[in-house]
Amino acid sequence: MTPQERAAQAQAEAAEMMTIYGPACSRLGYAAQSDAWRNCVITLSTKYDLQHAGPPAGYYYGPGYWRDSWWGPNW
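Residues numbered from 1 in each chain as written. Predicted model: local features only at pLDDT ≥ 70, side-chain atom pairs only at ≥ 80, totals over all residues. Heavy atoms only, no water.

A count of helical and extended segments in the chain gives 3 helices and 0 strands. Among the 75 residues that make up the chain, the fraction classed as buried is 12%. Carbon and sulfur atoms form 59% of the exposed surface of the chain, whose accessible area is close to 6300 Å². (Helix = DSSP H or I, 4+ residues; strand = E, 2+ residues; numbered from the N terminus. Buried < 20%, exposed > 50% of the residue type's maximum accessible area, 1.4 Å probe, protein only. Areas by Shrake-Rupley, 256 points an atom, 1.4 Å probe, with all protein chains shown as cover.)

For Gln33, which is not a glycine, the phi torsion comes out positive at approximately 70°. Topologically, Gln33 is positioned in the loop between α1 (3–27) and α2 (35–53). A relative accessible area of 45% places Gln33 in the partly exposed class.

Evaluated as defined, the whole model comprises 1 disulfide. Residue Cys25 pairs covalently with Cys40 via a disulfide, S to S 2.1 Å. On the sign convention where negative is left-handed, the bridge of Cys25 and Cys40, at about -90° about the S-S bond, is left-handed. Of this pair, Cys25 sits in helix α1 while Cys40 is found in helix α2, placing the two residues 15 residues apart along the sequence. For the pair formed by Cys25 and Cys40, the shared burial category is buried. (Disulfide = S-S within 2.5 Å.)

Here we take up the packing of α1 against α2. Between α1 and α2, the least distance of the axes is 9 Å, while the angle of their chain directions is 115°. When the axis of α1 is compared with that of α2, the two are roughly perpendicular. Seen from above, α1 lies across α2 with right-handed handedness. Along the contact surface, α1 presents Met17, Met18, Tyr21, Gly22, Ala24, Cys25 and Ser26, while α2 presents Trp37, Cys40, Val41, Ile42, Leu44, Ser45 and Tyr48. Grouping the amino acids of the contact of α1 with α2 by side-chain chemistry returns 11 nonpolar, 3 polar and no charged. (Axes fitted to C-alpha atoms, helices over the stretch in contact; angles between N-to-C directions. Parallel < 35°, antiparallel > 145°, perpendicular 65-115°, else oblique. Left-handed = near helix turned anticlockwise from the far one by under 90°. Contact = heavy atoms within 4.5 Å. Nonpolar A, V, L, I, M, F, W, Y, C, P; charged D, E, K, R; others polar.)

Our next topic: α2. Here α2 contains 19 residues, and its C-alpha end-to-end distance of 27 Å stays within 8% of the 27 Å for a straight helix at 1.5 Å per residue. All of the buried residues along α2 are Trp37, Cys40, Val41 and Ser45. Take α2 and look down its axis: the buried residues cluster within an arc of 125°, on one side only. Along α2, the residues that are exposed and aim more than 90 degrees away from the buried face are Asp35, Leu50 and Ala53. Here the buried face of α2 lies against α1. Gly54 occupies a position one or two residues after α2 and carries a positive phi of about 80°. (Expected span 1.5 Å × (residues − 1). Arc of directions from axis to C-beta.)

So this is what it looks like as structure tokens:
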């Protein structure tokens, strides 16, 4: 991917974030296109990404993680 293609992709992603989260940030009282509004857009996007990303591969903490896994039932 060339630097120009990466720049175009980054601009498209930024435009998509503004389209999705911009109205919510405006309703929260931030003036559109201000630094605070942009920070709100990034914050909401990051929050969504973290909530929907799921745990990393190989990461499991669930029922029986310690009891039935490495340590055995009588540990």
